[in-house]
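Per-entry structural report
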Amino acid sequence: MTVIDDFVAHNLDYARTYPGPKPLEPQKRVAVVACMDSRLQIFPMLGLDLGEAHIIRNAGGVITDDMIRSLTISQRMLGTREIMLIHHTNCGLSTFTEDEFDEQLMASTGARAHWKAESFRDVDVSVRESIRRILQSPFILHKDSVRGFVADVETGQLREVLPAE
């Protein structure tokens with residue numbers, strides 16, 4: 001039996017207590033962009049329930065072209081008005097450089113990726129860069145409530161990072 005088989009079996013229990021359908025548009029009209037790190041439990045961390053927010057995740061929670069795409073759809077088609085970024089301490093993206101990653105890919109595949117890993121050394125700088133990318137995007141409609149945070153993976157507490165001036 002695989003781990004995925006275990007997940008499918010667990011889903012049967014989950015489906016028995018599933019609360020039923022929710023509206024397509026998130027009730028709280030917020031999109032949360034977070035790292036994919038398995039230590040971040042976004043719903044309990046923010047006191048969210050199903051149907052209340054869009055949760056969009058990637059490595060590092062960094063704003064890439066695909067995140068702009070998702071946020072644009074979230075705002076323009078599904079009614080969100082606020083954006084919350086959640087990066088975190090002890091992130092895997094802070095353990096290597098772009099050059100190291102690029103060389104590793106080239107050595108093992110013989111090709112260079114058409115995208116960047118978006119590695120970073122300073123999580124606060126990464127949050128500020130993500131905020132900047134959102135604020136500069138012509139596709140994002142609502143920019144008056146874009147806020148960035150760092151989650152401490154040891155305590156679960158959020159710390160706000162103010163944008164660069």
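From a predicted model like this one, the values you see are computed outputs, not experimental measurements.

1. Overview of empty space enclosed by the protein
Applying the stated criterion to the full structure yields 1 cavity of 30 Å³ or more. Roughly 50 Å³ of volume is contained in the largest cavity. If you go around the largest cavity, the residues you meet are Glu-98, Phe-101, Asp-102, Leu-105, Ala-113, Trp-115, Lys-116 and Ala-117. The residue makeup of the lining of the largest cavity, split by class, is 5 nonpolar, no polar and 3 charged.

2. Considering the sheet that holds strand β2 (residues 53-58)
Strand pairing in a sheet relies on backbone hydrogen bonds. The paired strands run either parallel or antiparallel. The strand order across the open sheet built from 5 strands is β2-β1-β3-β4-β5, with neighbouring strands paired in mixed fashion. Single-partner strands in this sheet number two, and they are β2 and β5 (158-161). Across this sheet, the average inter-strand angle for adjacent strands is 25 degrees, counted without regard to direction. Bridging between strand β1 (residues 30-35) and strand β3 (residues 82-88) involves 5 bridges; their strand directions are parallel. Its bridge partner being in β3, Ala-34 is matched across the sheet by Ile-86. Relative to β2, helix α3 (residues 65-76) is tilted by about 175 degrees, and along the sheet it contacts β1, β2 and β3.

3. Observations concerning the nonpolar core
Counting residues in each nonpolar core, the largest one holds 31 residues, and the members touching the most others are Val-33, Ile-63, Leu-71, Ile-83, Leu-85, Ile-86 and Ile-134. Elements that contribute at least two residues to this core include exactly β1, α3, β3, α5 (123-136) and β4 (146-151). Beyond its immediate stretch of four places on either side in the chain, Ile-63 contacts Val-33, Ile-68, Leu-71, Leu-85, Ser-130, Arg-133 and Ile-134.

4. Focus on the pattern of salt bridges
The full count for this structure, using the stated rule, is 10 salt bridges. We note a salt bridge from Arg-69 to Asp-66, for which the minimum N-O separation is 3.2 Å. Remark: Asp-66 and Arg-69 occur in helix α3; sequence separation between them is 3 residues, near one turn of the helix. Look at Asp-66 and you get partly exposed, because its relative accessible area is 45%. Residue Arg-133 is joined to Glu-118 by a salt bridge in which the shortest nitrogen-to-oxygen separation is 3.2 Å. Of this pair, Arg-133 sits in helix α5 while Glu-118 sits in the loop between α4 (98-109) and α5, and the two are 15 residues apart along the sequence. Ionic contacts of the salt-bridge type, sharing partners, join the residues Glu-118, Glu-129, Arg-132 and Arg-133 into one network.

Conventions adopted
Residues numbered from 1 in each chain as written. Predicted model: local features only at pLDDT ≥ 70, side-chain atom pairs only at ≥ 80, totals over all residues. Heavy atoms only, no water. 1 Å grid on protein atoms, 1.4 Å probe; cavity = no way out; pocket = protein on both sides within 12 Å on 5 of 7 lines; lining within 4 Å. Points joined across faces, edges and corners; volume = space filled by probe spheres on them. Nonpolar A, V, L, I, M, F, W, Y, C, P; charged D, E, K, R; others polar. Pairing = 2+ DSSP bridges. Helix = DSSP H or I, 4+ residues; strand = E, 2+ residues; numbered from the N terminus. Axes fitted to C-alpha atoms, helices over the stretch in contact; angles between N-to-C directions. Contact = heavy atoms within 4.5 Å. Core = buried A, V, L, I, M, F, W, Y, C linked by side-chain atoms within 4.5 Å. Buried < 20%, exposed > 50% of the residue type's maximum accessible area, 1.4 Å probe, protein only. Salt bridge = Lys/Arg side-chain N within 4 Å of Asp/Glu carboxyl O.

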